[in-house]
Amino acid sequence: MGAPGAGKGTQASRIAARYDIPAISTGSIFRQNIAEGTPLGVKVKEIMDAGKLVSDEITDQIVADRLSQDDCASGWLLDGYPRNLHQVSALDEAGHQVDAVISLLVDEEDLIQRLLKRAEIEGRSDDNEDTIRTRMQVYTAETEPLLQTYAERGLLVEVDGEGEIDEVTERVVRELDAFLSGNRGELDA
Ligand code: ADP
């Protein structure tokens, strides 16, 4: 988890590679559908460009389908999901157990600078100033509360997301390994 621009997508694929599991990004799935002009892409484009959340009905179904594929049998990493309390319940009810929730912490000014830079380089249509503001608001209102939900479940691993990409990856892997081995120790005891 992390605010827009925190580096979720970048770190997700690197972390997933380390643990040899697929990284599943709802944002990438939607963007790919938009690029291919699928019916789903047509449906979600306007919502995404406005910085709002795609409906839970659509998003939950996409994630449930993806997690039921063979390559997810021995683990997965979700990037951008769950994003509100409803999606947390949907994931629980689909019977998918979460081992850890990584929260990437980045200063808000840095976030905006990163997003504006990405807008120049990648040309993502949701990286303009108005949309960024909406995405930040949606994150604060709907997604940030999930950090507490997962903290109460004892699953939250907070990681400093500032600095070089490699540095952040190393930090995440180190803290995640420590967290997972700590939990395993408790189970064994
Ligand atoms: P970021 O977190 O940097 O804004 P993402 O690629 O994770 O980028 O998400 C981009 C957009 O895709 C969101 O603003 C939203 O419109 C849509 N989206 C992604 N994940 C979800 C989700 N779990 N539920 C609803 N909409 C989503």
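The shown structure was predicted, so the numbers you read here are calculated from the model rather than taken from an experiment. (Residues numbered from 1 in each chain as written. Predicted model: local features only at pLDDT ≥ 70, side-chain atom pairs only at ≥ 80, totals over all residues. Heavy atoms only, no water.)

Details of the environment of Pro-39
As for its placement among the helices and strands, Pro-39 is situated in helix H3 (residues 39–49). Residue classification places Pro-39 among the exposed positions, given a relative accessible area of 70%. Along the chain, Pro-39 and Ile-132 lie 93 residues apart, while their C-alpha atoms are 25 Å from each other. (Helix = DSSP H or I, 4+ residues; strand = E, 2+ residues; numbered from the N terminus. Buried < 20%, exposed > 50% of the residue type's maximum accessible area, 1.4 Å probe, protein only.)

Points about the nonpolar core
Met-1, Leu-67, Trp-76, Leu-78, Leu-91, Tyr-150 and Val-172 are the most contacted members of the largest nonpolar core, which totals 38 residues. Not counting residues within four places of it along the chain, the set of residues in contact with Leu-78 comprises Ile-24, Val-63, Leu-67 and Leu-91. Grouped together as the second largest cluster of nonpolar side chains are 6 residues, Phe-30, Met-48, Val-54 and Ile-62 included. (Core = buried A, V, L, I, M, F, W, Y, C linked by side-chain atoms within 4.5 Å. Contact = heavy atoms within 4.5 Å.)

Comments concerning the site of the ligand
Taken together, 20 residues surround the ligand, and among them Lys-8, Thr-26, Lys-52, Gly-80 and Arg-135 come closest. Backbone polar atom of Gly-80 to a nitrogen atom of the ligand: 2.8 Å apart, as the coordinates give it. Here the ligand has 550 Å² of accessible area as a free molecule, and 97% of this is covered by the chains. Take the shell around the ligand: its biggest share by element is 4 residues, from helix H2 (residues 26–36). In terms of residue class, the shell around the ligand is built from 6 nonpolar, 6 polar and 8 charged. (Near = heavy atom within 4 Å. Polar contact = N/O pair within 3.5 Å; in protein donor to acceptor, adjacent residues only side chain to side chain. Areas by Shrake-Rupley, 256 points an atom, 1.4 Å probe, with all protein chains shown as cover. Nonpolar A, V, L, I, M, F, W, Y, C, P; charged D, E, K, R; others polar.)

Things to note about the side chain of Asp-127
Within the fold, Asp-127 resides in the loop between helix H6 (108–122) and helix H7 (129–143). When its relative accessible area of 3% is taken as the criterion, Asp-127 is described as buried. In this structure the side chain of Asp-127 is engaged in a polar contact, spanning 2.9 Å, whose partner is the side chain of Arg-135. In contact with Asp-127, other than residues within four places in its own chain, are Leu-115, Arg-118, Ala-119, Ile-132 and Arg-135.

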